[in-house]
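One-letter residues, chain by chain:
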Amino acid sequence: MSTPFYLFRTSRFAPLFGTQFLGAFNDNLYKNTLAVLLTFQAAEWTSISSALLAPLIGAVFIAPFFLFSGLSGEIADRLDKARLARIVKVWEIMMMIVAVAGFATHTFATLLLVVFGMGMHSTLFGPIKYSIIPQHMRENELIGANALIESGTFGAILLGTIAGGALAAIPNGGVIASSGALIVAVVGYLFSRYIPSAPPPNRAEPFAFGFWKHTMDAIALAYRDRLVFLAILAISWFWLYGALLLSQFPSLVKDLLMGSEETVTLILALFTLGIGVGSALCERLSHHHVRYGIVVAGGIGMAVAGVDFAWGIGTFVPSGALSQNFHFWRIVADVTLLGIFGGLYSVPLYALVQERSAPEARSRIIAANNILNALFMVLGAVMTMAILSAGYNTAWLFGIVALGTAVVGYIIYNVRRER
């Protein structure tokens, strides 16, 4: 039990991991296939300009997190989570059937509806995934289980993004990608059939329906424990930073580094690999317990690597082949380090939220985390547009975010000292 990989041999973890991995893969396979097709063939699908399509897809995907996270957390705290996971997988299968029809008929409205549906899929599954881990894992397994889930999620994002881009470039790529996603969704459902039962704790208060009520109740529950709420804010900052990096990599490679699609894939792969390495390293360093020092070290490391990354792209001058340009490899190293320190930073925070949340409220607190994650990602997109529209370049953007990460690390350090 020196490493968490033994969890893959247990029925307590392996089916959940498979269900989560394949769902995250499908989300990104579908989104990236649609985004690439619309980028290069926008006129065949819609009259909306290609410049607006990417933010539109992102906004439609993230809307369910604001609308339904509170409700999904409330439901997950009242029903068996394993049963709910199977229902969510059936929803995913239905969405992929609609996606095949949408791609086959070139119906943009249908495809946009599926984007919303897949956002709904992630919204519903998020509270189930993170609240079922402490229900099935022992306390000394929380760090390891979260490390595997975190690295697996980013691996699925990378593989889905790459596969979506590759399939979009071939004839009938949309139909092929959505048909493949339908098969993956069915396999994900089969995995979910083996997730052990996770019945909810008893709750006395009656159920009262209301989108705004459930959202505010979830955030209020998280706010009751100052440490949990600060951990959620710190996680949300991580997702802001990660979403910013992933969204800017393609244009950064194309416009600044003068690289190719393969260069984008390389940088994405190293960033994802870095998160996997950092997550595994966190499990080794933590000795199965939440250690705030690791979070602080991760935050400081992200800030330092982020500042050097911003400096590197700000002073980069293309000259000859990228593989022979020292400054290119400096940027690649910074991206990899950002992933490693990001894994160190985020994994203990998830475990802390799970560990300190009351079992009867855990799903709703996870839902509050999802709401604030989505809010921070939207704020990051708005900040990006504001900074770039003001005439500042990408280097300034990443420099500001890196300095913001240093502030977050300082706050976590002070909270650690108070304990």
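Residues numbered from 1 in each chain as written. Predicted model: local features only at pLDDT ≥ 70, side-chain atom pairs only at ≥ 80, totals over all residues. Heavy atoms only, no water.

## Overview of the overall build of the chain
So, point 1. The number of helices and strands found in the chain is 13 helices and 0 strands.
So, point 2. Sequence-ordered secondary structure for the chain, helices as α and strands as β, is α-α-α-α-α-α-α-α-α-α-α-α-α.
So, point 3. The globule rule puts the C-alpha radius of gyration for 419 residues at 22 Å, and the 21 Å found for the chain is close to it.
So, point 4. If one aligns the C-alpha atoms of the chain with their principal axes, the spans along those axes are about 65 × 55 × 40 Å.
So, point 5. With 419 residues in all, the chain has 55% of them scored as buried.
So, point 6. Excluding contacts between residues fewer than 6 apart, the proportion of contacts in the chain whose partners are at least 24 apart in sequence is 84%.
So, point 7. As displayed, the chain offers around 17700 Å² of accessible surface, 69% of which is attributable to carbon and sulfur atoms.
So, point 8. Treating the 25 positive side-chain charges of the chain as one cloud and the 21 negative ones as another, the clouds have centres 7 Å apart. (Helix = DSSP H or I, 4+ residues; strand = E, 2+ residues; numbered from the N terminus. Rg over C-alpha atoms; globule rule 2.2 N^0.38 Å. Buried < 20%, exposed > 50% of the residue type's maximum accessible area, 1.4 Å probe, protein only. Contact = heavy atoms within 4.5 Å. Areas by Shrake-Rupley, 256 points an atom, 1.4 Å probe, with all protein chains shown as cover. Lys, Arg positive; Asp, Glu negative; His and termini not counted. Charge placed at Lys NZ, Arg CZ, Asp CG, Glu CD.)

## Overview of the nonpolar core
So, point 1. With 94 residues, the main nonpolar core has F249, F309 and Y345 as its most contacted residues.
So, point 2. Looking at which element gives the most residues to this core, the answer is helix 8 (residues 226-257), with 18 residues.
So, point 3. Apart from the residues lying within four places of it in its own chain, the contact partners of F249 are I267, L268, F271, F309 and V335.
So, point 4. Ranked by size, the runner-up nonpolar core spans 31 residues in total, among them M95, L112, A156 and V184. (Core = buried A, V, L, I, M, F, W, Y, C linked by side-chain atoms within 4.5 Å.)

## Here we look at helix 6 (residues 173-192)
So, point 1. Under the 1.5 Å per step criterion, the end-to-end length of helix 6 is 28 Å for 20 residues, consistent within 8% with the ideal 28 Å.
So, point 2. Among the residues of helix 6, G173, G174, A177, S178, A181, V184, A185, G188 and S192 are the ones counted as buried. Down the axis of helix 6, the smallest arc covering the buried residues is 120°, so these residues share one side. (Expected span 1.5 Å × (residues − 1). Arc of directions from axis to C-beta.)

## Some words on the packing of aromatic side chains
The geometry of an aromatic ring pair is captured by two quantities: the separation of the ring centres and the angle between the planes.
So, point 1. This structure, assessed with the given rule, holds 18 aromatic pairs.
So, point 2. Note on Y30 and F103: the rings are 5.8 Å apart at their centroids and 65° apart in plane angle, and the pair reads as edge-to-face. Taken as a pair, Y30 in helix 1 (residues 14-45) and F103 in helix 3 (residues 81-105) lie far apart in primary sequence, 73 residues in all.
So, point 3. Of the residues examined, F103 reaches a relative accessible area of 3% and is grouped as buried.
So, point 4. Considering the side-chain rings of F61 and F65, the 6.2 Å spacing of their centres and the 55° angle between planes classify their relative orientation as tilted. Of this pair, F61 and F65 both sit in helix 2 (residues 50-76), separated by 4 residues, roughly a single helical turn. (Phe/Tyr/Trp six-rings, centres within 6.5 Å; stacked < 30°, edge-to-face > 60°.)

## Description of the confidence of the model for the chain
So, point 1. In the predicted model, the chain carries a mean pLDDT of 85, and the fraction of residues at 70 or more is 91%.
So, point 2. Averaged over each element, pLDDT in the chain is lowest for helix 2 (80) and highest for helix 6 (95). (pLDDT = per-residue confidence, 0-100.)

## Topic: the pattern of salt bridges
So, point 1. Per the stated rule, a full pass over the model turns up 8 salt bridges.
So, point 2. A salt bridge links D77 to R364, with the shortest nitrogen-to-oxygen separation between them at 2.9 Å. One end of the pair, D77, is in the loop between helix 2 and helix 3; the other, R364, is in helix 12 (residues 362-389), and 287 residues separate them in sequence.
So, point 3. Using a relative accessible area of 8% as the deciding quantity, one classes R364 as buried.
So, point 4. E92 serves as the salt-bridge partner of K89, at 2.7 Å between the closest nitrogen and oxygen. With K89 and E92 both in helix 3 and 3 residues apart, this pair spans about one turn of that helix. In this structure, K89 and E92 share a single accessibility class: buried. (Salt bridge = Lys/Arg side-chain N within 4 Å of Asp/Glu carboxyl O.)

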